[in-house]
Amino acid sequence: MRRLWTPAWIARHVAMVVLVVGFLGLGWWQISRAAAGNSLSWGYAVEWPIFAGFVVYVWWREVKLARRREAEADAPPAGPAVEPTPAVTTGSRPAVRRPVRVSRVPATGEVAEDTDLAAYNHYLSWLNANPGARPGDYPG
């Protein structure tokens, strides 16, 4: 729980409270406008509390995630007889693994020349040699 009282987390808590109070205040303001005859404000009067609920949901999710990380960090390290980690953890996030490097072995034997590729490469080299030319000026 100590990690939830760092300066960054205090700023998050304050931001959550300010946003929820602000969104609920805007919802109340829209209700008063709707009661005065502005029928469009009924929709906004419903939206603002939903926004406040979303802020509370995101804040609660981040708190749970931080507490889970803290519990994992406080857990004793695993011994050497532990099985390798599976591709997917028990949570909802997949485990991140190092990329596998594959060495490329050059192909052996004769490679047949692709005439279309050679013609296209000749066209590109001509365009590079003639920077002001248009593709229709190509003599080939």
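Data block above holds the structure.
Residues numbered from 1 in each chain as written. Predicted model: local features only at pLDDT ≥ 70, side-chain atom pairs only at ≥ 80, totals over all residues. Heavy atoms only, no water.

**Some thoughts on the packing of helix α1 (residues 7-35) against helix α2 (residues 41-74)**
So, step 1. The N-to-C vectors of α1 and α2 enclose an angle of 165 degrees; their axes lie 7 Å apart at closest approach. Judged by the inter-axis angle, α1 sits roughly antiparallel to α2. Considering only the axes of α1 and α2, their crossing is left-handed.
So, step 2. Tallied by class, residues from the contact of α1 with α2 come to 22 nonpolar, four polar and three charged. (Axes fitted to C-alpha atoms, helices over the stretch in contact; angles between N-to-C directions. Helix = DSSP H or I, 4+ residues; strand = E, 2+ residues; numbered from the N terminus. Parallel < 35°, antiparallel > 145°, perpendicular 65-115°, else oblique. Left-handed = near helix turned anticlockwise from the far one by under 90°. Nonpolar A, V, L, I, M, F, W, Y, C, P; charged D, E, K, R; others polar.)

**Some words on helix α3 (residues 115-129)**
So, step 1. Taking 1.5 Å as the rise per residue, α3 with 15 residues should run 21 Å; its terminal C-alpha atoms sit 21 Å apart, in good agreement.
So, step 2. For α3, the side-chain oxygen to backbone nitrogen distance between the N-cap and D116 is 3.4 Å, and the N-cap itself is D114. (Expected span 1.5 Å × (residues − 1). Polar contact = N/O pair within 3.5 Å; in protein donor to acceptor, adjacent residues only side chain to side chain.)

**So, the side chain of Q30**
So, step 1. Of note, Q30 is situated in helix α1.
So, step 2. Residues within four places of Q30 in sequence aside, it is in contact with S41, Y44, A45 and W48. (Contact = heavy atoms within 4.5 Å.)

**Some remarks on the nonpolar core**
So, step 1. Counting six residues, the largest nonpolar core is built from M16, V20, F23, W48, A52 and V55.
So, step 2. At the level of elements, α1 and α2 are the ones that each hand at least two residues to this core.
So, step 3. With sequence-adjacent residues up to four places away left out, F23 is seen in contact with W48, F51, A52 and V55. (Core = buried A, V, L, I, M, F, W, Y, C linked by side-chain atoms within 4.5 Å. Buried < 20%, exposed > 50% of the residue type's maximum accessible area, 1.4 Å probe, protein only.)

**Digging into α1**
So, step 1. Between its terminal C-alpha atoms α1 stretches 42 Å, which fits the 42 Å expected from 29 residues at 1.5 Å a residue.
So, step 2. Every buried residue belonging to α1 is among W9, H13, M16, V20, F23, G27, Q30 and A34, and all of these are buried.
So, step 3. At its buried positions, α1 is contacted by α2.
So, step 4. Where α1 ends, the next residue or the one after it, G37, has phi of about 120 degrees, a positive value.

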